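Listed below are the residues making up each chain.
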Amino acid sequence: MKQLLLKKALLVDEIVEKFNQATSVVIIDYLGLNVDQVTNMRRELRENGVEMKVVKNTILRRAADKAGYEGLDETFTGPTAVAFSNDDAVAPARIIAKYAKDIEPLEIKGGVIEGTVASLEQIQEISQLPGHDGLLSMLLSVLQAPVRNFAYAVKNVAESKDDDGSAA
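For the structure given in this document, a descriptive report is provided here.

**As for a nonpolar patch on the surface**
Among the surface-exposed residues, Met 1, Leu 4 and Leu 5 lie close enough to one another that they form a single nonpolar patch of about 370 Å² accessible area. Within the secondary structure, Leu 5 sits in helix α1 (residues 2-21). When its relative accessible area of 53% is taken as the criterion, Leu 5 is described as exposed.

Given below as structure tokens:
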């Protein structure tokens, strides 16, 4: 009996550590998914640095309370899986939302983003953001725009001077 309690306590501590290290956590109801669907989703999550775990709700409640996340208890009902991302805060929400569009039983219940308990609506908003590479591409485009515009302006000035010189 003591060994079982010790195992549960260690599991709670492990989940608390995952909550504390994660930039985002997405809590889902996976009831009704078949093995292929879960396998494909897990693979894509793993490829994007996201770990998905199926954990008993009582363990999740204790871990969330111990980690200081109040307001998650109502999300820990029914079959629950949790996706933890330590790097990309958008990845779990984006990937799971993509699968939820195609697989009706899959449902996002809630989560944590950057240390703050997030509502379902906030997670759905975040799921529509581009991934890390997409955001970097957008930033690069914004940073290049002033240089590109300056180059066009210099080119236009040079061409207008050439046009003025040939007319004289």
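Picking up after the structure, the text goes on.
**What about the nonpolar core?**
One recurring pattern in soluble globular proteins is that nonpolar side chains are buried together. Membership of the largest hydrophobic core comes to 24 residues, with the highest contact counts inside it found for Ile 28, Met 41, Ile 96 and Leu 106. Listing elements by their share of this core, those giving two or more residues are β1 (24-29), α2 (35-47), β2 (50-54), β3 (80-85), α4 (91-102), β4 (107-113) and α5 (120-127). The leading source of residues in this core is α4, at 6 residues. With near-sequence residues (within four places) excluded, Ile 96 lies in contact with Val 26, Ile 28, Met 41, Leu 45, Ala 83, Leu 106 and Ile 108. If you look at the next biggest cluster of nonpolar residues, it comprises 19 residues, including Ile 15, Val 25, Leu 72 and Phe 84.

**A short note on the sheet that holds strand β5 (residues 116-118)**
Across the sheet, 5 strands lie side by side as β2-β3-β1-β4-β5; this open sheet has antiparallel pairing. The open sheet terminates on both sides in strands that have one partner only, identified here as β2 and β5. Ignoring strand direction, the axes of neighbouring strands in this sheet form an average angle of 20 degrees. With 3 bridges connecting them, β4 and β5 associate as antiparallel partners. In the sheet register, Val 112 faces β5, and the bridge partner there is Val 117. Here α2 sits on the sheet and contacts β1 and β2; the angle it forms with β2, its principal contact strand, is near 140 degrees. Against the sheet, α4 engages β1, β2, β3 and β4, with an angle of about 25 degrees to β1.

Rules used throughout
- The numbering scheme is per chain: residues are counted from 1 as the chain's sequence reads.
- Only residues with pLDDT of at least 70 are given local features in this predicted model, and only at 80 or more are side-chain atom pairs given and counted; all residues enter the totals for whole chains, interfaces and linings.
- Each side-chain value is worked out from all heavy atoms of the structure, with water and hydrogens disregarded.
- Candidates for patches are residues over 30% relative accessible area with no salt bridge; among them, like charges are joined within 9 Å and nonpolar side chains (Val, Leu, Ile, Met, Phe, Trp, Tyr) within 5 Å.
- The method behind every accessible area is Shrake-Rupley, applied with a 1.4 Å probe, and residues are considered shielded solely by the protein chains displayed.
- Just to be clear on terms, a salt bridge is a Lys or Arg side-chain nitrogen sitting within 4 Å of an Asp or Glu carboxyl oxygen.
- Helix and strand labels come from DSSP, where a helix needs a run of H or I of at least four residues and a strand needs a run of E of at least two; each type is numbered from the N terminus.
- Think of it in three bands: residues with accessible area under 20% of the maximum for their type are buried, residues over 50% are exposed, and the middle band is partly exposed, with areas taken using a 1.4 Å probe on protein chains only.
- Think of a nonpolar core as a cluster: buried Ala, Val, Leu, Ile, Met, Phe, Trp, Tyr and Cys residues, connected wherever their side-chain atoms sit within 4.5 Å.
- The contact criterion used is simple: two residues touch if any of their non-hydrogen atoms lie within 4.5 Å.
- Note on pairing: two strands pair once DSSP finds at least 2 bridges between them.
- Where helices are involved, their axes are fitted lines through C-alpha atoms of the stretch in contact, as for all axes, and angles between N-to-C directions lie from 0 to 180°.

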